[in-house]
Amino acid sequence: MLHAIDLNDNWIFSKVNHPSYESELITKGESVTLPHCWNSNDGQGGSEEYFRGTCWYQRKLTINHESLEKRLYLEIGAAGNIGKVYINGELAGVSKCGYAMFRISLNKHLKIGENLIAIMVDNRYHNNVYPLMADFTFYGGLYRDVKLLVMGDLHFDVLDNSRDGIYLNQKKIEENTFEMEVCGKVVNESFKSEDGTIKVQLIDQDGNMMFERNVRIEIVREKEFKVIEVIKNPILWDGVDQPYLYSISVAVIIKGQTYDARNLKIGFRTVEVTSDLGVILNGKPIKLKGVSRHQDYAGIGNALTKAQMEEDMTIIKELGANSIRLAHYQHDDYFYSLCDQNGMLVWAEIPFISIPSTKDPANQNAKEQLEKLIKQAYNHCSIYCWGIQNEITIAMENVQIYELVKELGILAKKIDPFRLTAQANIYSVENNSVLNDITDIAGYNLYYGWYYGEKEGLGERLDEFHRVKPHVPVLVSEYGVDTNPKLHTYDPQIKDYSEEYQLVFHHNALETFNERPFVLGGYVWNMFDFGSANRNEGGEPGKNLKGLVTIDRKIKKDAYFLYKAFWSNEPFVHLAGRRFVNRHKTLNDIIVLSNLSHIKLYNNNVLLIELKSDEPMKIIKEVPLSKGENHIRVEAMDEYRIVYNDEIILNHVAEIDKNYVYVKEEESKNVVNWFENFDLSNVQEIVLKDGYYSTFDTIEDLFECEAAKAVFKKFFGNLDEEPRFKVMMGVTSIEKMSKLSFFKIPKELLPVINKELNDIPKIACNERILLS
């Protein structure tokens, strides 16, 4: 029988990278308990500089003769982003998948007595390990559990990159009837052939045995098995309405003795998707009420406890969501289990994000991460789709990238033919792009009204997509605005970081989705603020502030309650603007967020208005405030005449409270400033000559030629020295830069640049490079 021993305690940690730590004890280290993350503060805007480097963890493990007769494996929940494991100085295993679990066979490296486990963990930039570039902190550490697995000679396969060594499949074959398939592999390390039995039992939540099946197998070295059973009239796993799970026990039995066993959960459901009905769960179309989640938490990075993961699920459930995009990587297995138990449909994905590797042309790391994600999360019925890329064309969109994405889509279907595939495209990907036909679901990350355009552009873009690609199911995989709950305004505007702008932005998004049946739904970016070490926006360095809830989970921003008003069936009422306490205007609009229609509003116990409105956001215009304190109270009554209350205090003050206003730091010199030096009037398009440089060449290629490099520097100054731009140079071009709102490149500039670049022959530069 498999026995898992917790190895989370008694570790020594050092930020000093010394090769001797493979085999010699760390002399000056810090005692830590796992899970542990070394960027818990500096990765979220702490006073210290964000540290990316190579660190070491060590622990001693005492093994007796009896233990060494067992089969021993080390299970490491995750090592971000590269992990190398040494046992008594010998390299025992390597992981380049920083969000996946990995295991190592130990026996050949162990000795009786004291053994040294030394794990090198590296979160530096490596061009062949994803993610390469992204808007979140790449936390370093052993940030999930580490365990010692102890088992006998015969056991389910624990080294096939899966979690269970067993794969559960279920599919509907006719009305009220499902076919359940249990398959896997048994490994025999005794070198003696054994006759045995695979015993499978399915049990409902009341303890009733649904079926029991025994299948005889002969195990020489290893043996694959498959058990198929027809299940009639199962209670369905029906999302948040009925997340019903059956227990399934799978055991390998030899001569009456159980050698290994797994106790798993399975839910019976069907998930389909069409471009007109959207997501169809068990035959019923549903709108995806989705939120996105990063796995970090204030002060601990991504070393979350189970209690903190449970807290996240409680907050998401209260909101009324029915789906979660677990971005942008494999999450803790425990959180997938929470999604199973709470009926959340899950988009699970890999960190193939922003830019592809130039050192890994076969995209092997992305494929390995996809395989581990699918195999390790395979048995979670909450997962309805595998996400294979996020904004991978941010720097370049070309045939090579199409092929990389196609290969990942094919691989996902090969490993798991039963689930959908999805991707999240940046806004600059054209509606008719080849990308949109690769996966079952096309997602777009759309930030109209924040990074570009006006918020109303969201609906216009979705309408245009549906006109061009009416057969492609589409959803909005990201949308949101950075919001500091300390900042407030009477006149919400783009980039003011106010709580009020977040509210109007998300109100527009929710109405946009609801008005368009062809839109599957969307995923709010983000459920919680999260660490982004290189950011400094909205008065909070080191964080992305697009969350509906702060990173410490202490403040639910007003937009959180807007979603609750739209999505939740739990009666409630909430007064927005409670942190906008000091009001300098006499007349104020009071916003009531509620899923109840009968509302009464009071100021200092005086009834101001009674109204009935089914609108989730009800605006009471021009409410007069008295000088000094005003106690604003709202009552909302449900159909059973139960009254729900909320109240806030507003101070009518003489002058604007400047603490509420975001004072923008002088913006760093952007490329747009340099364009003022160039004459862009009467610009003529030119016919590009083959064999000469142009705006379509990568920046890296331009920099291989001094003349072409000089042209780039002329127009873009020292942009190449910016850390985030440096990693893009091998895969982006000036042409692609012009399609990204960040660079603000006027279209008239491209012919001007091409006129200079297209006079520089590539062959002359290449010959000089060869000669040098």
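Just so it is clear, the model here is predicted, and its values are computed rather than measured. Residue positions within a chain follow its written sequence, with the count starting from 1. For this predicted model, a pLDDT threshold of at least 70 governs which residues receive local features, and a threshold of 80 or more governs which side-chain atom pairs are given and counted, while totals over whole chains, interfaces and linings are taken from all residues. Heavy atoms from the whole structure form the basis of all side-chain values; hydrogens and water molecules are not counted.

Engineer: Explain helix α3 (residues 333–342) residue by residue, including any values.
Structural biologist: Residues spaced three or four apart along an α-helix face the same direction, because each turn holds 3.6 residues. Working definition: with a 1.4 Å probe on protein chains only, accessible area under 20% of the residue-type maximum means buried, over 50% means exposed, and in between means partly exposed. By the criteria applied, helices consist of DSSP H or I runs no shorter than four residues and strands consist of E runs no shorter than two, each listed in order from the N terminus. Among the ten residues in α3, eight count as buried, and that is most of the element. Of the residues making up α3, those classed as buried are D333, F335, Y336, S337, L338, C339, D340 and N342. A contact between two residues is defined here by any heavy atoms of the two lying within 4.5 Å. Against β22 (288–293), α2 (306–319), β23 (323–326), β24 (345–349), α4 (364–377) and β25 (383–390) lie the buried residues of α3. Any N or O atom pair separated by 3.5 Å or less is treated as a polar contact, with the protein-specific requirement of one donor-capable and one acceptor-capable atom, and with residues adjacent in sequence counted only for side-chain atom pairs. Sitting at the head of α3, D332 places a side-chain oxygen 2.8 Å from the backbone nitrogen of Y334. G343, located one to two residues past α3, shows a positive phi value of around 75°.

Engineer: Can you tell me about the side chain of R144, naming the residues and giving the values?
Structural biologist: Considering the arrangement of structural elements, one finds R144 in the loop between β9 (113–122) and β10 (146–151). At 2.8 Å, the side chain of R144 forms a polar contact with the backbone oxygen of Y99. Here the side chain of R144 touches Q295 through a polar contact of 2.8 Å, side chain to side chain. The contact partners of R144, leaving out residues within four places of it in the chain, are L34, P35, G77, A78, Y99, Q295, Q330, H331 and D332.

Engineer: Tell me about the sheet that holds strand β20 (residues 278–281), residues and numbers included.
Structural biologist: For two strands to be treated as a pair, DSSP must find no fewer than two bridges joining them. Pairing is antiparallel across the open sheet formed by three strands, whose spatial order is β19-β20-β21. Bordering the open sheet on either side are β19 (271–274) and β21 (284–286), each of which pairs with just one other strand. Recorded for the sheet is a direction-independent mean angle of 35° between the axes of neighbouring strands. Of the pairings in the sheet, the one linking β19 to β20 comprises four bridges and is antiparallel in character. For E272, the partnering residue across the bridge sits in β20 and is I280. Angular values range over 0 to 180 degrees, each being the angle between N-to-C directions of two axes fitted as lines to C-alpha atoms, with helices fitted over their stretch in contact.

Engineer: So what's going on with the packing of aromatic side chains? Which residues, and what values?
Structural biologist: Only centres within 6.5 Å qualify two rings of Phe, Tyr or Trp (six-membered ring in Trp) as a pair; their planes then separate them into stacked at under 30 degrees, edge-to-face at over 60, and tilted for everything else. Under the counting rule described, the total for this entry stands at 34 aromatic pairs. Both rings, one in W450 and one in Y497, keep their centres 5.3 Å apart while their planes meet at 90°; by these two values the pair is edge-to-face. Linking W450 in the loop between β27 (441–445) and α6 (457–468) with Y497 in the loop between β28 (474–478) and α7 (499–514), this pair joins segments that are 47 residues apart in sequence. Summarising the burial analysis for this pair, W450 and Y497 share the class buried.

Engineer: Outline the pairing of strand β7 (residues 90–95), listing residues and values.
Structural biologist: Relative to β7, strand β6 (residues 82–87) is paired through five bridges, and the arrangement is antiparallel. What sits directly across from I87, in β7, is E90. If you look at the hairpin formed by β6 and β7, you'll find two residues sitting between the two strands, and N88 has a positive phi there, around 50°.

Engineer: Give me the lowdown on the pattern of salt bridges, citing residues and values where you can.
Structural biologist: Here a salt bridge means any side-chain nitrogen of Lys or Arg lying within 4 Å of a carboxyl oxygen belonging to Asp or Glu. Summed over the entire model, instances satisfying the criterion amount to 50 salt bridges. A salt bridge links K185 to E222; the nearest nitrogen and oxygen atoms lie 3.6 Å apart. With K185 in strand β13 (residues 177–188) and E222 in strand β16 (residues 222–232), the pair connects residues that are 37 residues apart, well separated along the chain. For D697, the salt bridge identified is with K762, shortest N-O distance 2.7 Å. One end of the pair, D697, is in the loop between α9 (671–674) and α10 (699–703); the other, K762, is in helix α15 (residues 762–771), with 65 residues separating them in the sequence. One connected set of salt bridges, linked through shared partners, spans D135, D482, R535, E537 and K546.

Engineer: Quick rundown of the environment of V727? Include the residues and the values.
Structural biologist: Residue placement: V727 occurs in the loop between α12 (723–726) and α13 (734–737). A C-alpha to C-alpha distance of 8.6 Å links V727 and N127, two positions 600 residues apart in sequence. Here V727 is in contact with Y125, M133 and I355, once residues within four sequence places are set aside.

Engineer: Provide a residue-level description of the packing of α4 against helix α5 (residues 399–415), including the pertinent values.
Structural biologist: Helix packing for two helices is described by the angle between their axes and how far apart those axes are. Across the interface, α4 lies against α5 with an axial gap of 10 Å and an inter-helix angle of 30°. Put simply, α4 runs roughly parallel to α5. Between α4 and α5 the crossing geometry is right-handed. Residues A366, K367, L370, E371, I374 and K375 of α4 form the contact with α5, whose own contacting residues are E407, L408, L411, A412 and I415. Gly counts as polar in this scheme, as do all residues outside two lists: the nonpolar Ala, Val, Leu, Ile, Met, Phe, Trp, Tyr, Cys and Pro, and the charged Asp, Glu, Lys and Arg. Partitioned by chemical class, the residues of the contact of α4 with α5 number seven nonpolar, no polar and four charged. Roughly parallel means an angle under 35 degrees; roughly antiparallel, over 145; roughly perpendicular, 65 to 115; everything else is oblique. Two helices crossing with the near one rotated counterclockwise from the far one by less than a right angle form a left-handed crossing, whereas a clockwise rotation gives a right-handed crossing.

Engineer: How would you explain a nonpolar patch on the surface if you had to name every residue and give the values?
Structural biologist: On the surface, a nonpolar cluster with roughly 220 Å² of combined accessible area is contributed by V606, L608 and I609. Mapped onto the secondary structure, I609 falls in strand β36 (residues 606–612). Taking relative accessible area as the criterion, I609 reaches 31% and is therefore assigned partly exposed. In this analysis, a patch consists of residues with relative accessible area above 30% that form no salt bridge, clustered at 9 Å for like charges and at 5 Å for the nonpolar side chains Val, Leu, Ile, Met, Phe, Trp and Tyr. All accessible-area figures derive from a Shrake-Rupley calculation using a 1.4 Å probe, and residue coverage is judged against the displayed protein chains alone.

Engineer: Could you give an account of the environment of L475, naming the residues involved and the relevant values?
Structural biologist: When you line up the elements, L475 lands in strand β28. A C-alpha to C-alpha distance of 43 Å links L475 and K762, two positions 287 residues apart in sequence. Among all residues touching L475, those that are not within four sequence positions of it are L288, W347, Y384, I441, A442, G443, Y444, V519, L520, G521 and Y523.

Engineer: Help me get a handle on the environment of E175, residues and values and all.
Structural biologist: Secondary-structure assignment places E175 in the loop between β12 (166–174) and β13. Taking the C-alpha atoms as reference points, E175 and R59, 116 residues apart in sequence, are found 55 Å from one another.

Engineer: A description of the pairing of strand β2 (residues 11–14) should follow, citing residues and the corresponding values.
Structural biologist: For a regular strand, side chains alternate in direction, first toward one face of the sheet and then toward the other. Across three bridges, the pairing between β2 and strand β3 (residues 30–32) is antiparallel. Pairing of W11 across the sheet is with V32, part of β3. Relative to strand β4 (residues 54–63), β2 runs antiparallel, the two being bridged by three bridges. Across the sheet, F13 pairs through a bridge with Y57, a residue of β4.

Engineer: An account of the sheet that holds strand β39 (residues 643–652) is requested, with residue identities and associated values reported.
Structural biologist: Sheet strands pair via backbone hydrogen bonds, and the direction of the pair is either parallel or antiparallel. The mixed open sheet is built from five strands, whose spatial order is β33-β39-β38-β35-β36. Only two strands of the sheet have a single neighbouring strand rather than two, namely β33 (582–583) and β36. Relative to β39, β33 runs parallel, the two sharing two bridges. The partner of N582 across the bridge, within β39, is N651.

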